[in-house]
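So you can see what is in the structure, the chains are spelled out below.
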Amino acid sequence: MRLFAWIILAATLVKAQAQPVFGPFSEEDFPFHTCTLDLRNLGKDFAKDNLVPRAIVLKLGEDHYACWDPDLLRIAAFWKNGFVEMGGMAAHSYPPERAKQKVAQGTSSLPKILGTPIFTNGMYPGWSSGITPKLKDPRPAAPNPHETGLGPLPPDFARWNGIYRTAAGVSLSYTVSGVPILENIRLITKEFTHGLSRTLQIKEMVTRQLNLIACEVPNAHSAKIDPKTGAALLYHDDSKQTVTAVGIFSPRQKIQLKLHESKRVITQIPKGTKPTMLQVVTWRGRAEQLPSFYKMLRTGIQSPNVQGGAPATWLEVEQTEVSEESNSAGYMVEEIGLPIPNRWKRNVRPASIAKVSKGLFATVTFDGDVWLVYGLTKDRKKVGWKRFASGLHEPLSICVVDKKIHVLTRNGIIRLHDFNNDKEADFYENFCNSFGQTAETREFANSLTALPEGGFVITKGGQQRASQGLHNNHLLKVSADGRTVEKLAYGLRQGFATVHPEDGRIYATDQQGNYIPSTPVHLIKKDAFLGFKEPNPNGKFPPTREPLCWVPHKIAPSGTNMLWTAKSGFGPLSGRLLLIDYHNPGILQVFQDLSGEHPQGGVHRLPFDLKSPVLKAFSDHDSGDIYLAGFQIFGSKAKKSAGIRRIRFTGQPTGFLPIDARSTELGILLTFSQPLDLINASRDHFKVQRWNYLRSQKYGSGHYKLDGKPGQESLTVANVFRSVDSRQLLLTIPEMKPSNQIEVAFKVQSEKMIQLEDKVWLTAHHLPAFVHDPDKFVPIKLREPLDDNAQGPALQSTMPSVSEGRKLYTSVGCIGCHTLDGQNAGRPGPSWKKLFNSQRMLANGKKVKADEVYLRESILEPDAKIVEGFADREVAMPPYKGILTDSQIESLVLFIKSL
């Protein structure tokens, strides 16, 4: 028995060791942490309404911390005895058990300090120039006048340059009224009390007086300047037992402290001050401890070498394998193994990947790390992983320009520099933060794409539960020097953009939701409004620019990134625009017809089976390969929680695919990758349906006939014509009319006897003329169906049954929102287990029985009766009116009843 017990124990220990163990989201030994920080309502002695959308939390040691605000160039707070609550999207979902969970939309679940505040500063610039300090926010207001996430100070006022990592910690770089300043913030300890030291290196002559706000004590009872030391003292209560003190040490220049309204301390650097260094020390304690504070002013000034770089932190390289996942139809899908577990106990949730040089790639994780991946060449079966950077604020995109890594974060576009060539970033440069960033948890840093002429296109998350910011829902152009930002379009709910690598055409996609009836693909027109509407004081909205094409919700519920494949090297899919579907991990090719006044097109889903979520894609224009990166959090049906995939063309006989589809005045023109053999083609092998969508405040849209009634219309294929090269088919349809969505189902065979049963989906804003040249297209004699059971592409479901309902649960997307085990598991909808005939408490306080009538209504009109606890859900259920047949609805009801 003892031997058996030891075997069981040993097996348990081995199993436990095999499980990846992740350390804290913010590593203790990394010097800074970026997040949104909620400092509101810390108490009467501290600034109110203090909300920092772009916070840089500095770890000063001895359980002391400071929050630097790079937008307002201020120390927003200094505190002790507790770090930061790990709120926000990335930190909350970091542990594997919470990978699918999202924090609440809005600003109710933001990170807060866990310790005791020592001092704060208000929501105004930390620096200003002129005779008097500027204590009003000079930034342009947002549509919501209470919004604080207004981006940086005006460029002529000041500019944030970035963070240097050095052997001594970190140095902050910024410019005030044209004067470059380098600042080191550190903790000073004297006789068991602590102060905050700010060492300032003024690098050029001061041409206008500079004013630095050292600290603010809103509830100060009295204040004075100590005549002996020049220190400023602010007393907190009648007995003068607690005091906040500020002192300076300036060996070369005459720099003084001034009091403002007896509650602020201002450091004045006079006009004409030559390049110099000074130290500003802020302290809070009991009045009898002031001698210890005065000793802090004589600790000396340190000047670190910021250009020399920091000593390497992550020397080791992790190795993983490249394994074949599938290989068919001329394309191989490979999995690039993630370095989990790793010696730093980091979770690795790749959000985006880009190429640095031949065989060397860089990937960024949602958790703020950048990893270098070595050896990604055609025949290598192992790759090396090296950590390059950390501490970034919820990044979702990475791009390499001029061999420099650029990352889009909530703090802006960060350009990373390695000064000492140790393969670790030494300077986290602010390439551009000239756009607003609210504290809203859904204003993601969605996408970053380089423009061929220089600069970038970025998209910002559009959902605005808390307030309406400056650039929520915008598509922006960033100049090549990073100094200016231009609005290109707006009205994206959660948009992602891509750029044609040669001519610079900009495309974007979006997420179905309120006012977005289904997944759209946009070809961007300057200043276009793309449909997503947020509350407007006037209640007026501009005309909506309709997309290039719509994608049915069941085909791609969550379109994210798009990419252009290389001109060659990717087989028949070379030189094509591809769309990524996050929810059903996969890829769609996008067809385009740019001949008319309004561009139009369609999509076709490619037969790639991907095991992990796909958020972003990258095309290697040297090899032709494409790389896919993503992680689980937004509601994906992927079997794995995170991953990187590579798809490459093997050169083997390729699959049989449609490679173009267009709407014309005569019908539908289809183009295939291989010549067709239609000797046995039947009329039943071609089926066409169409429907429209309805934009409304409701989530998504049902399907509507052209007369406005719910449902879909079946269209008659009168004749089929084949081109003389046998690669094109013209399906003539007498009833062609402009439609939001046309579904074309076909069953054909190639000359190589390859069977293809597939569908394409088109949007027809207009019907271009089509000249039917008899010398180019010849009619195909179609066999008539022998009976009603003739085989062909099915558009309708079978008879109602529980098994059919179970299939629909997966195929139409119910699985993404509803579990079958009674647990919500972060899903936006209630579980179906024991749902039938249960009593449901509604959001309006009423009760209802979940009988067949209720279930049917909930499927067709989900907003009719919303269950308590789901009224404020961010991802609502789209209406299935006109989408599902009566038979399909009955099958779903039967399946729910069976649970």
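Here, every reference points to the structure presented above.
Residues numbered from 1 in each chain as written. Predicted model: local features only at pLDDT ≥ 70, side-chain atom pairs only at ≥ 80, totals over all residues. Heavy atoms only, no water.

A. Highlighting the sheet that holds strand β37 (residues 559-564). The strand order across the open sheet formed by eight strands is β37-β38-β39-β40-β51-β50-β46-β47, and the pairing between neighbours is antiparallel. For this open sheet the edge positions go to β37 and β47 (713-715), each flanked by a neighbour on one side alone. Averaged over all pairs of adjacent strands, the angle between their axes in this sheet comes to 25°, without regard to strand direction. Pairing of strand β38 (residues 577-581) with strand β39 (residues 586-593) involves five bridges; the strand directions are antiparallel. Paired with L577 across the bridge in β39 is V590. (Pairing = 2+ DSSP bridges. Helix = DSSP H or I, 4+ residues; strand = E, 2+ residues; numbered from the N terminus. Axes fitted to C-alpha atoms, helices over the stretch in contact; angles between N-to-C directions.)

B. Representation of the layout of surface pockets within the structure. Counted as a void, the second largest pocket has a volume near 900 Å³. Lining the second largest pocket are 41 residues, with C399, V400, T449, A450 and F618 sitting closest to its centre. Counting only elements with at least two residues in the lining of the second largest pocket, the list comes to β20 (350-357), β24 (397-401), β25 (404-409), β28 (445-450), β32 (496-499), β37 and β41 (616-619). Class assignment for the residues of the lining of the second largest pocket results in 22 nonpolar, 12 polar and seven charged. (1 Å grid on protein atoms, 1.4 Å probe; cavity = no way out; pocket = protein on both sides within 12 Å on 5 of 7 lines; lining within 4 Å. Points joined across faces, edges and corners; volume = space filled by probe spheres on them. Nonpolar A, V, L, I, M, F, W, Y, C, P; charged D, E, K, R; others polar.)

C. Quick look at the side chain of Q463. You can see Q463 is positioned in the loop between β29 (456-460) and β30 (474-478). The exposure class of Q463 is buried, given its relative accessible area of 5%. Among the polar contacts listed, one links the side chain of Q463 to the side chain of Q494, at a separation of 2.9 Å. (Buried < 20%, exposed > 50% of the residue type's maximum accessible area, 1.4 Å probe, protein only. Polar contact = N/O pair within 3.5 Å; in protein donor to acceptor, adjacent residues only side chain to side chain.)

D. Focus on the nonpolar core. Ranked by size, the top nonpolar core spans 99 residues in total, and within it W127, Y174, V370, I405, L416 and Y428 carry the most contacts. Setting aside its immediate chain neighbours within four residues, Y428 contacts F30, F32, N161, G162, I163, R165, A389, S390, L392, I414, R415 and L416. (Core = buried A, V, L, I, M, F, W, Y, C linked by side-chain atoms within 4.5 Å. Contact = heavy atoms within 4.5 Å.)

E. Representation of the packing of aromatic side chains. Under the definition given, this model contains 34 aromatic pairs. Ring geometry for W68 against Y174: centres 5.4 Å apart, planes inclined by 25°, an arrangement best described as stacked. Of this pair, W68 sits in strand β3 (residues 64-69) while Y174 sits in strand β8 (residues 169-176), and the two are 106 residues apart along the sequence. Taken together, a centroid distance of 6.2 Å and an interplanar angle of 85° make the contact between F361 and F618 edge-to-face. Pair noted here: F361 is in strand β21 (residues 360-365) and F618 is in strand β41, with a separation of 257 residues, a long-range link. (Phe/Tyr/Trp six-rings, centres within 6.5 Å; stacked < 30°, edge-to-face > 60°.)

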